[in-house]
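What follows is each chain in one-letter form.
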Amino acid sequence: GAGVSQTPSNKVTEKGKYVELRCDPISGHTALYWYRQSLGQGPEFLIYFQGTGAADDSGLPNDRFFAVRPEGSVSTLKIQRTERGDSAVYLCASSPTWGNTGELFFGEGSRLTVL
Amino acid sequence: QQQVKQSPQSLIVQKGGISIINCAYENTAFDYFPWYQQFPGKGPALLIAIRPDVSEKKEGRFTISFNKSAKQFSLHIMDSQPGDSATYFCAARKSGSARQLTFGSGTQLTVLP
């Protein structure tokens, strides 16, 4: 596709369950980011991949959150033992090579609701 | 710690009016200041951006004014249109190896017809 694709668009789960959110970046974009956006707030940085490696995971709130990008393209954000406070829209963004202008191209997000 | 403070939280203007949104930052290591526009159900999209070596950047009806000494920057939307109704986020990025953006809390703009 032409843009960043995220699936599922909506996910409702129960407290304590495991969740996976998928991001398919724009073809050729080497940098991939995960952000979390709570209602009425700006996106909050979670993790950044350059290629296959996590270049910066300082935004992950705790060890229940983990993300992978095994082949340098699609990424999966994994949340274990979900809590009600994890409810938010999880945004994925990608950008071209390291020396780019800084523009991030966002997907439409995955809305996670933890009951 | 909120590194980018944005105001107002919401803004209502008449069609044809000027919309002004302000942001202030604390970290002098920031070297890139974009504004993103977000419509309901969509991801944020880059609107306009500025680097600290210039004081103003204009693209069509959108202008960023930047005051490095005050550590403040603002978005001006001239001739505001109902189609501009959206949430606007300022952001900042640190120089160096970290490339992630730090976003403000957003301003919900409503332009009345």
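Residues numbered from 1 in each chain as written. Chains lettered and ligands numbered in written order. Predicted model: local features only at pLDDT ≥ 70, side-chain atom pairs only at ≥ 80, totals over all residues. Heavy atoms only, no water.

## Here we look at the overall build of chain B
Defined as follows: Secondary structure elements follow DSSP: runs of H or I no shorter than four residues count as helices, runs of E no shorter than two count as strands, and numbering proceeds from the N terminus. With C-alpha atoms as the basis for the radius of gyration, the globule rule is written as 2.2 Å multiplied by the number of residues raised to the power 0.38.
Regarding its fold elements, chain B presents zero helices and eleven strands. Of the regular secondary structure in chain B, the N- to C-terminal order runs β-β-β-β-β-β-β-β-β-β-β. Here the C-alpha radius of gyration of chain B, 14 Å, is about what a compact globule of 113 residues would show, namely 13 Å. The C-alpha extent of chain B, read off along each of the three principal axes, is 45 × 30 × 20 Å.

## Observations concerning the state of the cysteines
Residue and element names in this part refer to chain B. Heads up, the rule is: Cysteine sulfur atoms are paired as a disulfide whenever they come within 2.5 Å of each other.
Taken as a whole, this structure holds two disulfides over all chains when the rule is applied. At a sulfur-sulfur separation of 1.8 Å, the disulfide partner of Cys 23 is Cys 90. Judged by the sign of its S-S torsion, about -90°, the cystine formed by Cys 23 and Cys 90 is left-handed. With a gap of 67 residues between them, Cys 23 in strand S3 (residues 19-25) and Cys 90 in strand S9 (residues 86-94) connect regions that are remote in the sequence.

## Focus: the pattern of salt bridges
Any two side chains of opposite charge can pair, given that their charged atoms come close. What counts is decided by this rule: By convention in these notes, a salt bridge is any Lys or Arg side-chain nitrogen within 4 Å of a carboxyl oxygen on Asp or Glu. Residue exposure (1.4 Å probe, protein chains only): buried if accessible area is under 20% of the type maximum, exposed if over 50%, otherwise partly exposed.
Summed over the entire model, instances satisfying the criterion amount to seven salt bridges over all chains. As a salt-bridge pair, Lys 42 of chain B and Glu 108 of chain A come within 2.8 Å of each other at their nearest N and O atoms. Note that Lys 42 of chain B is positioned in the loop between strand S4 (30-38) and strand S5 (45-50) and Glu 108 of chain A in the loop between strand S10 (105-106) and strand S11 (110-114), a pairing that runs across two chains. On the basis of relative accessibility, which here comes to 42%, the residue Lys 42 of chain B falls in the partly exposed class. With relative accessibility at 46%, the residue Glu 108 of chain A sits in the partly exposed group. For Arg 61 of chain B, the salt bridge identified is with Asp 84 of chain B, shortest N-O distance 2.8 Å. Of the two residues, Arg 61 of chain B is situated in the loop between strand S6 (56-59) and strand S7 (62-67) and Asp 84 of chain B in the loop between strand S8 (72-77) and S9; the sequence distance between them amounts to 23 residues. We classify Arg 61 of chain B as partly exposed; its relative accessible area is 26%. With a relative accessible area of 5%, Asp 84 of chain B lands in the buried category. Overlapping salt bridges bring together Arg 64, Glu 83 and Asp 86 of chain A as one network.

## Looking at the interface of chain B and chain A
Definition in use: Should any heavy atoms of two residues lie within 4.5 Å, those residues are considered in contact. Put simply, buried area is the surface a 1.4 Å probe can reach on two separate parts but cannot reach once they are joined, added for both. For this analysis, a polar contact is any N or O atom pair within 3.5 Å, provided that within protein one partner can donate a hydrogen and the other can accept it, and provided that sequence-adjacent residues contribute only side-chain to side-chain pairs.
Contacts between the two partners involve 20 residues from chain B and, on the opposite side, 21 residues from chain A. Overall, the association of chain B and chain A removes approximately 1,600 Å² of surface from exposure, summing both partners, and the carbon and sulfur fraction of that is 51%. Inspection of the region where chain B meets chain A yields one salt bridge. There are five residue pairs in polar contact (both at pLDDT 80 or more) connecting chain B and chain A. Elements represented by at least two residues in the side of chain B that touches chain A include exactly S4, S9 and strand S10 (101-103) of chain B. The dominant element in the side of chain B that touches chain A, judged by the number of residues it contributes, is S4 of chain B, at three residues.

## Overview of the sheet that holds S7 of chain B
Residues and elements named next belong to chain B. Spelled out, the test is: A pair of strands is treated as paired once DSSP finds two or more bridges between them. Here an axis means a line fitted to C-alpha atoms, over the contact stretch when the element is a helix, while the angle between two N-to-C directions is reported on a 0 to 180 degree scale.
Pairing is antiparallel in the open sheet, where five strands are placed in the order S1-S3-S8-S7-S6. Each edge of the sheet is formed by a strand with only one pairing partner; in this case those strands are strand S1 (4-7) and S6. On average, each strand axis in the sheet is tilted by 15° relative to the strand beside it, whichever way the strands run. Judged from the four bridges that link them, S1 and S3 form a sheet pairing that is antiparallel.

## As for the layout of surface pockets
Empty pockets left among the atoms are what a rolling probe the size of a water molecule brings to light. Operational definition: Cavities and pockets are found on a 1 Å grid laid over the protein atoms alone: a cavity is a set of points where a 1.4 Å probe fits but cannot escape, a pocket is an open set with protein on both sides within 12 Å along at least five of seven lines, and a lining residue has an atom within 4 Å of such a point. Grid points are joined across faces, edges and corners, and a volume is the space filled by probe spheres set on the points. Any residue outside Ala, Val, Leu, Ile, Met, Phe, Trp, Tyr, Cys, Pro, Asp, Glu, Lys and Arg is labelled polar, Gly included; the first ten of those are nonpolar and the last four are charged.
Quantified by volume, the largest pocket comes out at close to 780 Å³. Lining the largest pocket we find 36 residues, and of these Gln 37 and Arg 111 of chain A together with Gln 38, Pro 40 and Gly 41 of chain B sit closest to its centre. Listed by contribution, the elements that provide at least two residues to the lining of the largest pocket are strand S1 (5-7), strand S9 (88-95) and S11 of chain A together with S9 and strand S11 (107-112) of chain B. For the lining of the largest pocket, the class distribution of residues is eleven nonpolar, 22 polar and three charged.

## Observations concerning the nonpolar core
Definition in use: In this text, buried Ala, Val, Leu, Ile, Met, Phe, Trp, Tyr and Cys residues form a nonpolar core when linked through side-chain atoms within 4.5 Å.
Among the nonpolar cores identified, the biggest contains 24 residues, and Phe 33, Trp 35, Ile 48, Phe 73, Leu 75, Tyr 88 and Leu 109 of chain B are the most heavily contacted of them. Looking at this core, the elements with two or more residues in it are strand S2 (10-14), S3, S4, S5, S7, S8, S9 and S11 of chain B. For Phe 73 of chain B, the contacting residues outside a window of four places in its chain are Ile 21, Asn 22, Cys 23, Tyr 25, Phe 33, Trp 35, Ser 65, Phe 66, Cys 90 and Ala 91 of chain B. With 20 residues, the next largest nonpolar core counts Leu 21, Cys 23, Leu 32 and Phe 49 of chain A among its residues.

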